[in-house]
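Reading the structure
Listed here are the chains, written in short residue letters.
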Amino acid sequence: MSEERIREIKIEKIQKLRDQGVQPYPERWERTHTPEEAARLEAGLAAVRVCGRIVSRRDFGKLTFFDLQDVNGRIQCSLQRDGIGKESYTDFIKLVDVGDFVGIEGETYHTKIGQLTVRGASWQLLGKMLRPMPEKFHAISDREIRYRRRYLDLITDEKSRSRFRLRRDFIRALRHGLEQAGFDEVETPVLQTKPSGALATPFKTHHAALDMPVYLRIAPETYLKRCVVAGFDRVFEFARVFRNEGMDPSHLQDFTMLEYYASYWNYIDNMDFTEKLLRDVIEQCTGSLQVPHAAGEIDFSGPWPRLSLLELIEQKTGIAVESCPDVESLRSALEGADIHIDGASKMGRGALVDQLYKKTVRPSITQPTFITSHPVDLSPLARRNDEKPTISDRFQLVIHGWEVINAYSELVDPIDQRQRLEEQAQLNAEGDDEAMVMDEDYLLAMEHGMPPISGWGMGIDRIVALLCGAENLRDVVLFPLLKPEEGSAVEDAILEAGEEAPAIEGAGA
RNA sequence: GGGAGCAUAGCUCAGUCGGUAGAGCAACGCCCUUUUAAGGCGUCGGUCGUUGGUUCGAACCCAACUGCUCUCACCA
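Since this is a predicted model, take the numbers as computed values, not measurements. (Residues numbered from 1 in each chain as written. Chains lettered and ligands numbered in written order. Predicted model: local features only at pLDDT ≥ 70, side-chain atom pairs only at ≥ 80, totals over all residues. Heavy atoms only, no water.)

1. Quick notes on the protein's contact with RNA strand B
Taken together, 58 residues lie around RNA strand B, and D82, F137, E245, H251 and R462 are the ones closest in. Backbone sugar and phosphate groups make up 60% of those atoms of RNA strand B lying within 4 Å of the protein. At 2.4 Å from a phosphate oxygen of RNA strand B is found a side-chain nitrogen or oxygen belonging to K13. At 2.4 Å from a base oxygen of RNA strand B is found a side-chain nitrogen or oxygen belonging to H251. Where the surface near RNA strand B is concerned, the elements lending two or more residues are α1 (3-19), β1 (48-59), β2 (63-69), β3 (74-80), α5 (143-148) and α12 (349-360). The element that contributes the greatest number of residues to the surface near RNA strand B is α5, accounting for 5 residues. Of the residues that constitute the surface near RNA strand B, the class distribution is 19 nonpolar, 12 polar and 27 charged. (Near = heavy atom within 4 Å. Polar contact = N/O pair within 3.5 Å; in protein donor to acceptor, adjacent residues only side chain to side chain. Helix = DSSP H or I, 4+ residues; strand = E, 2+ residues; numbered from the N terminus. Nonpolar A, V, L, I, M, F, W, Y, C, P; charged D, E, K, R; others polar.)

2. Looking at the pattern of salt bridges
In this structure the tally under the stated criterion is 41 salt bridges. We note a salt bridge from E30 to R28, for which the minimum N-O separation is 3.4 Å. A relative accessible area of 48% means that E30 is categorised as partly exposed. Residue R28 is classed as exposed on the basis of its relative accessible area of 55%. Here R240 makes a salt bridge to D254, at a shortest N to O gap of 2.9 Å. Remark: D254 occurs in strand β11 (residues 254-263) and R240 occurs in strand β10 (residues 234-242); sequence separation between them is 14 residues. What makes R240 partly exposed here is its relative accessible area of 42%. (Salt bridge = Lys/Arg side-chain N within 4 Å of Asp/Glu carboxyl O. Buried < 20%, exposed > 50% of the residue type's maximum accessible area, 1.4 Å probe, protein only.)

3. A word on the confidence of the model for chain A
Taken over all residues, the pLDDT of chain A has a mean of 90, while the share at 70 or more is 95%. Segment residues 488-509 is flagged for pLDDT under 50; beyond a separation of four residues in sequence, or across chains, it makes 16 contacts in the model. (pLDDT = per-residue confidence, 0-100. Contact = heavy atoms within 4.5 Å.)

4. A closer look at the sheet that holds strand β5 (residues 116-127)
Ordered in space as β1-β2-β3-β5-β4, the 5 strands form a closed barrel in which the pairing is mixed. Each strand of the sheet is rotated relative to its neighbour by a mean of 55°, with strand direction disregarded. In this structure, β1 lies alongside β2, joined through 6 bridges in antiparallel fashion. The partner of R57 across the bridge, within β2, is F66. (Pairing = 2+ DSSP bridges. Axes fitted to C-alpha atoms, helices over the stretch in contact; angles between N-to-C directions.)

5. Regarding the environment of I93
Among the structural elements, I93 can be located in helix α4 (residues 86-95). In the structure, I93 is positioned 31 residues away from K62 in sequence and 9.8 Å away in space, judged by C-alpha atoms. With residues near it in sequence (within four places) discarded, I93 still touches R57, D59 and T64.

Shown next as structure tokens:
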């Protein structure tokens, strides 16, 4: 039977309901328990009111069992013809379908095989659905449908529901942990006149009222530091950020980053806090510090190793980066070690060290590991090490080859900062697209004075994916961006808008 | 951007050698008071992603296009 025919049948059912004076879309229902709560009740409790979507039904003629579900849980209910009357029972059988929302009032009992159930004394339709439900024992497996119509994925797949519950719980626990540690939550601009705070290509758009180009933020960093100048001595933001770059299982263009900044800390304090915060939050959300993953169990129990980037590179490749003070000598060292890096001739020394690390060291790191002591020219916003001015007081947390956290003792010296931004601007002018641009407004804020700070950015999507064993970030993002389907309403609307609405153009345009 | 793979009923999937399509679930009709993938009997449901080509004949072979997935390059 076609989907269209099924839809017509359901519309006919709605008409029959209306003919009997039943409102198929009533305005409210007062529940006493969620499905999750109800499933934990004792037997023998009367006047229990539960509601949810019917996700399965087992019909025995004069007795029917069905399950009400929401994202958090499920409760079995039953209706008996002898209990609610023939007419009401027949209406339920004939006019209510799997997929509809209903409310049930009744008492709890255990079935013959011990399943806690709400025996309905009455039922009320709370919302009729017109589309057929997906098949009930395989869940949606077509990845395209799972992403485009995530609600179907969530209705049918408990594993998907549990991933998004974990994401919710993880964010909630992080927020609570930071608040307990004296951090204030703030919100900073998404539309910025200068993209800053990271090395990345931004999305560019146009501000109509001010008639000027603006960028979607690639990081909240410089605004959060302005908050520190203002006297918020510990701040954080759950920031949606946008980077107009490649898309693959570990990179999305629109993703969520938690950043925080703590005054009077250095990066060592920050590492200590990070390890404690994450261990607490992970144990709280998953119930364990050992997390299963396709690539092997991840053990968060720690202590997490703290390893120097340059030492790791030397171990892996034999190249002593520090004995290559300029980009030319580093390039020849790479040639000597027979390591090829695409585009090496266009990179500065910092970018080249970074590539060397990403090619040789990072993929081999599986367990939670702090990588420290990055070269200072990789870290234009990080503080120089007092003993070794060529390296920065910086760390990254790497798990399963993914960079999950990037952190440093922040650069708070406005003179040094100006010099480093000038170097970045020079690289940018020479064709390094990802190098930063000069940001006088940020320098102005810095010149008003900053305390010592250490801060941090964590890819929420990445850590959540790692915690729930997802190998693609899209599996932990509710509605990942996909191209519109050909002939879809969305695409038709875009085609209709045509040249009239070039709202967004690529940064490279 | 390069390469590879996938697309069949609302969903999950079969489809042999090229001979105009099949199951389960869902839906519809009937039976059934303890199931939880309930069960039994019956019925409906398809422009085989789109467009061309080859062929007497295409779900199947070829090409292009669209979408998705993986991968390389780039990036967090």
